[in-house]
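Here is how the chains run, residue by residue.
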Amino acid sequence: MTQPPEEIRCKGLGVSEGIVIGQVLRMHAGTEHVYRWEVEQAEVEGECRRLRAAVGGASQQVLSIKQQAEKRFGKDHAYIFDAHLLLLEDEKLIGDIENYIIQERVNAEWAVKVIGDRLLYLYSQIQDDYLRERSADIEDVMQRLLGGFSGAVTQNRKLSGEAIIVAQDLLPSAVADLDLEYAQALATDSGGWTSHTAILARGVGIPAVVGLRDFYRRAKTGDTIIVDSTRNQVILHPSSATLKTYETETAAHAKVRGRPPRKESGPVRTTDGVAITLRANVEVPSEFNGVEIYGASGVGLYRSEFLLARRGGFVSEDEQCLAYEAVAKVAGTHGAVIRLFDLGGDNLREQFQEPEKNPALGLRAIRFVLSNEEVMRAQVRAIMRAAATGSLKIVLPMVADVSDVQRAKDIIEEEANNLREAGRRFAEVSVGVMIEVPSAVLMADNIARIVDFFELGTNDLVQYTLAVDRGNDAVADWFRTLHPAVLRSIDQSLQAAHRASIPAIVCGEMASTPAYVVLLLGLGATDLSMTPSAIPRVRRTIAGIDTGKARTVARECLECETADDVENLVRERFVQFWPQLFDASSLPQPKPKKTGQAV
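Residues numbered from 1 in each chain as written. Predicted model: local features only at pLDDT ≥ 70, side-chain atom pairs only at ≥ 80, totals over all residues. Heavy atoms only, no water.

1. As for the overall build of the protein chain
Piece 1. Assigned secondary structure in the protein chain consists of 26 helices and 17 strands.
Piece 2. Looking at the 599 residues of the protein chain, the share that counts as buried comes to 55%.
Piece 3. Put simply, of all contacts in the protein chain between residues at least 6 apart along the chain, 69% involve residues at least 24 apart.
Piece 4. For the protein chain, the accessible surface area stands at approximately 26500 Å², while carbon and sulfur atoms represent 49% of it. (Helix = DSSP H or I, 4+ residues; strand = E, 2+ residues; numbered from the N terminus. Buried < 20%, exposed > 50% of the residue type's maximum accessible area, 1.4 Å probe, protein only. Contact = heavy atoms within 4.5 Å. Areas by Shrake-Rupley, 256 points an atom, 1.4 Å probe, with all protein chains shown as cover.)

This is how it looks when you write it as C-alpha cells:
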C-alpha cells in the first residue's frame, strides 16, 4: 500500500482572515516568452504602430476589467485598475519603449520586456512595502501588452468545484477574473500585506496567506490543503489528526458566523480591569469600513504613501486635504494618526535614477521629507487644514534623534503660521514620532520631552535592531520578533514614554498577534493599533489575560539571552497560565537547529 504523503506546514503572512479546508488548484502566472529580433529601418515605424495598437487594446481590456471589478468587488476595490490605466497612459513609459524600438531596431515585444524589466528592478529596490508591491501592476500591464501583440484573449477561469487557489503570484487582473463562487481561499509564494491580491482578498472576504516562498512547487492540483490565515500558515497533506482538529475548529467558527453579530467597540478590559485601546491601521479606502465594523477606537496609523502609489506621483495639497478629511471622518471622535510620507527618493517614477546602494539606510522617511521640504510642507498644510474637520495627529517616520524631530516641528510650526496669516481654516495638531531604529530607542527619554506621543513600529524595529532584512530568505532565520534585544528596546521605549507622561501606541505585526500582544501588555503597553480584521481576536485574547501574570512573563523574557530561550519560556508559561486561550499551534514554533548555526 502507498504511504500517505507527509504533512507539510509552511509559514507565510495571513492577509485576509479565515480558516478553510479544501483542494489545491494550481494557477500558473502565464508569463509570455519573449524573443529578440532585429528589424530593418523601414520596419521600425511598423513596430511602433504595433506598440500603439497593443496599448489601445490593453486600455480597453483594463477598462472592461475595472467595470467587472466594480460589479463584483465594489468601487472601493476597483480603483486598483486605475493604476493600470495610468501606466498605459504614461507618455514617458510608452515613449521609452518606442525609443528603444527606434534606437535598437528591435521588435516591439522585446522593447516592452526590456523597459518593463528595468522598471521592475527599480521597484524591487524600494523599501516601502506598499510601493514596492506595486511592481505587480507593472508586470500585469506588461503581460497584457505582450498578449496584445500575439492576439491572445484572456478567458475567465471557471472553477468546476470548490478550490483553494495556489500560485507563485496572482496578478490583480487574475484575481478579478476568478470565479469567486467556488474559490475558497488563496495561497501564494509571493506578496505581502499591501499587495493588491491581499487587498482584493480582504475586500471579498476570501482567506489568504501570501509570502509562502516555495509552496507552489510542492503542491499539486487535487492535494488536500488547509489555509489558516489566523496562524499565518498553510498545511499540505494534513494528517487525519490535523484534519479532525481543524474540522472541529471550522465547525465552531461556522456556528459563530451564523449568530447575529455582536458588535464590540471601545477599550477592552483585562481580567484585572486594565483598559486597553484598540485602533486600526489603514491605508486604502476599501479598509475604511473596517474601522466601524470591528469596533476600532479610531485610526492608529494611516499610511499616506497610498496617495502616491495610486496616482503614480505627488498629489496636490488640495487632493491630500480631501483624503485626510475622509480619514478623519472614518476615525470619528477617537481621531487618526497620519504618518508623513514614509518613502525614499527612488519611490517615485519621475525621480527614478540610479538606485541607492543601500536604500534601507539611505534617503528615506523623515530624511527624505526634510531634504525635500516642499513635499513635507504641502503635506503638513493639507493635514492641518483637514484637522479643522476632525481630530488628526502627525507622526514622523524613522526619526533617529532629537535634531530630526526639532527640524520637523519647526517646519510644522512655520506652516501653521503661514496658514494663519493667509486666513485659511485649519487646526494645530499633535506631533509624535515612530520609534523604529536603535538610535531612537537609546535617545527615547530625550525625544519624549519634545513630542506629544510615541508610536512603536515593531516591524522595522525588529529589522533594524537585528540588522536583518525580513524579505531576504537567506537570513530569514535571524528575523526573530521575540529576540531579547527587541523586547528590551520596546520596554525601554515604553518606559521613556511613561516617564514623560505621553501616550505610546504599538503597531505592526506584534500588535495583531495574540501571543505577542500578551507580552506587550506585560511590558506596559495599553494602546495597540492593527489591521481592522485582527481586532476581534486580539480583543478576545486581552479579555482573558491578567496583566499581573503578563508582567511576570515579560520580565522573565527580558532576562533571557536568546530568542530561543524567550520562545521556549512563552510556550511553557502561556499554556500554564492561559490554556483556554493558547495551544501549541498558536504559539511560536521551535526553530529546527541547523548544522553549524548558532542558536
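Once you've had a look at it, read on.
2. A few points about helix H14 (residues 317-331)
Piece 1. Across its 15 residues, H14 extends 21 Å between first and last C-alpha, which sits within 8% of the 21 Å expected from 1.5 Å per residue.
Piece 2. Those residues of H14 that fall on the buried side of the exposure criterion are Glu317, Gln320, Cys321, Ala323, Tyr324, Val327, Ala328 and Ala331. Summarising the axial view, the buried residues of H14 lie within an arc of 165 degrees, below the 170-degree limit, and thus occupy one face. Opposite its buried face, H14 presents the exposed residues Leu322 and Lys329, each directed more than 90 degrees away.
Piece 3. One or two steps after H14, the chain reaches Gly332, where phi turns positive at roughly 65 degrees. (Expected span 1.5 Å × (residues − 1). Arc of directions from axis to C-beta.)

3. A word on the pattern of salt bridges
Piece 1. Counting across every chain of the model gives 26 salt bridges.
Piece 2. Across the pair Glu415 and Arg377 runs a salt bridge, and its minimum N-O distance is 2.6 Å. With Glu415 in helix H17 (residues 402-421) and Arg377 in helix H16 (residues 373-386), this residue pair connects regions lying 38 residues apart in the sequence.
Piece 3. Residue Glu415 is classed as buried on the basis of its relative accessible area, which comes to 3%.
Piece 4. Arg480 is paired through a salt bridge with Glu567; the nearest N and O atoms lie 3.1 Å apart. One end of the pair, Arg480, is in the loop between helix H20 (458-466) and helix H21 (484-499); the other, Glu567, is in helix H26 (residues 563-577), and 87 residues separate them in sequence. Glu567 shares its class with Arg480; the two are buried.
Piece 5. Through salt bridges with shared partners, one network takes in Glu317, Asp318, Glu373, Arg377, Arg381, Arg385, Glu414 and Glu415. (Salt bridge = Lys/Arg side-chain N within 4 Å of Asp/Glu carboxyl O.)

4. Regarding the pairing of strand S10 (residues 275-282)
Piece 1. Counting buried positions along S10 yields seven of eight residues, so the element is predominantly enclosed.
Piece 2. Note: strand S9 (residues 268-269) against S10, two bridges, orientation antiparallel. Bridge assignment links Arg269 to a residue of S10, and that residue is Ala275.
Piece 3. Turn length for the S9-S10 hairpin, with the two strands adjacent in sequence and antiparallel, is five residues, and the turn residue Gly273 shows positive phi of about 85 degrees.
Piece 4. Relative to strand S17 (residues 527-530), S10 runs parallel, the two being bridged by four bridges. (Pairing = 2+ DSSP bridges.)

5. Details of the nonpolar core
A general trend in soluble globular proteins is that nonpolar side chains are found buried together.
Piece 1. One finds Tyr302, Tyr324, Leu396, Phe454, Leu528 and Phe574 to be the most contacted residues of the largest nonpolar core, which totals 111 residues.
Piece 2. If we ignore the near neighbours within four places in the chain, the residues touching Leu528 are Ile276, Thr277, Leu278, Arg279, Ile505, Val506, Ala511, Val517, Leu520, Leu521, Val538 and Ile542. (Core = buried A, V, L, I, M, F, W, Y, C linked by side-chain atoms within 4.5 Å.)

6. Some thoughts on the sheet that holds strand S1 (residues 8-11)
Piece 1. The eight strands are arranged S1-S8-S7-S3-S4-S5-S6-S2 in an open sheet whose pairing can be described as mixed. Both outer strands of the open sheet, S1 and strand S2 (13-16), are each paired with one neighbouring strand and no more. Each adjacent strand pair in this sheet contributes to an overall mean axis angle of 30 degrees, direction not counted. (Axes fitted to C-alpha atoms, helices over the stretch in contact; angles between N-to-C directions.)

7. What to know about the packing of aromatic side chains
Piece 1. Per the counting criterion, the structure on display carries five aromatic pairs.
Piece 2. Members of the aromatic cluster, each reached through a chain of ring pairs, are Phe574, Phe577, Trp578 and Phe582.
Piece 3. Cation over ring: Arg26 sits above Tyr216, and NZ or CZ is 4.0 Å from the ring centre.
Piece 4. Here the guanidinium or amino end of Lys393 rests over the ring plane of Phe453, the centre of that ring lying 5.3 Å away. (Phe/Tyr/Trp six-rings, centres within 6.5 Å; stacked < 30°, edge-to-face > 60°. Lys NZ or Arg CZ within 6 Å of the ring centre and 35° of its normal.)

8. Here we look at unusual backbone geometry
Piece 1. The phi dihedral of Asn232 falls on the positive side, at around 60 degrees, and the residue is not glycine.
Piece 2. Inspection of the secondary structure assignment puts Asn232 in the loop between strand S7 (224-228) and strand S8 (233-236).
Piece 3. Positive phi, close to 55 degrees, is recorded for Ala467, a residue that is not glycine.
Piece 4. Within the secondary structure layout, Ala467 lies in the loop between H20 and H21.

9. Some words on the environment of Asp452
Piece 1. Looking at where Asp452 falls in the secondary structure, it is placed in the loop between helix H19 (444-448) and strand S15 (453-457).
Piece 2. For Asp452, a relative accessible area of 40% translates into the label partly exposed.
Piece 3. Distance in space between the C-alpha atoms of Asp452 and Val395 is 9.5 Å, their sequence separation being 57 residues.
Piece 4. Beyond its immediate stretch of four places on either side in the chain, Asp452 contacts Ser430, Val431, Ile502 and Pro503.
Piece 5. In terms of polar contacts, Asp452 uses its side chain to reach the backbone amide nitrogen of Val431, at 2.8 Å. (Polar contact = N/O pair within 3.5 Å; in protein donor to acceptor, adjacent residues only side chain to side chain.)

10. What to know about the packing of helix H23 (residues 514-522) against helix H24 (residues 535-543)
Piece 1. At a minimum axis separation of 10 Å, H23 and H24 run at an interaxial angle of 50 degrees. Classified by the angle their axes make, H23 and H24 are oblique. Read as a crossing pair, H23 and H24 show a hand that is right-handed. Mapping the contact onto sequence places Pro514, Val517, Val518 and Leu521 in H23 and Arg537, Val538, Thr541 and Ile542 in H24. (Parallel < 35°, antiparallel > 145°, perpendicular 65-115°, else oblique. Left-handed = near helix turned anticlockwise from the far one by under 90°.)

11. Details of the packing of H23 against helix H25 (residues 547-558)
Piece 1. Following both chains from N to C, one finds H23 and H25 inclined at 90 degrees, their axes separated by 7 Å at the closest point. The angle between H23 and H25 places the two elements in the roughly perpendicular class. On the side of H23, the interface is formed by Val518, Leu519, Leu521 and Gly522, while H25 contributes Thr547, Ala550, Arg551, Val553, Ala554, Arg555 and Cys557.
Piece 2. Residue classes in the contact of H23 with H25 are distributed as seven nonpolar, two polar and two charged. (Nonpolar A, V, L, I, M, F, W, Y, C, P; charged D, E, K, R; others polar.)

12. Here's the deal with the environment of Glu292
Piece 1. Structurally, the position occupied by Glu292 is in helix H12 (residues 289-293).
Piece 2. Glu292 gets classed as exposed once you look at its relative accessible area, which sits at 58%.

13. Quick notes on the side chain of Ser16
Piece 1. Structurally, Ser16 is set in strand S2.
Piece 2. From its side chain, Ser16 meets the backbone oxygen of Ile206 in a polar contact 2.8 Å long.
Piece 3. If sequence neighbours within four positions are ignored, Ser16 has contacts with Ala201, Arg202, Gly205, Ile206, Pro207, Ala208 and Ser229.

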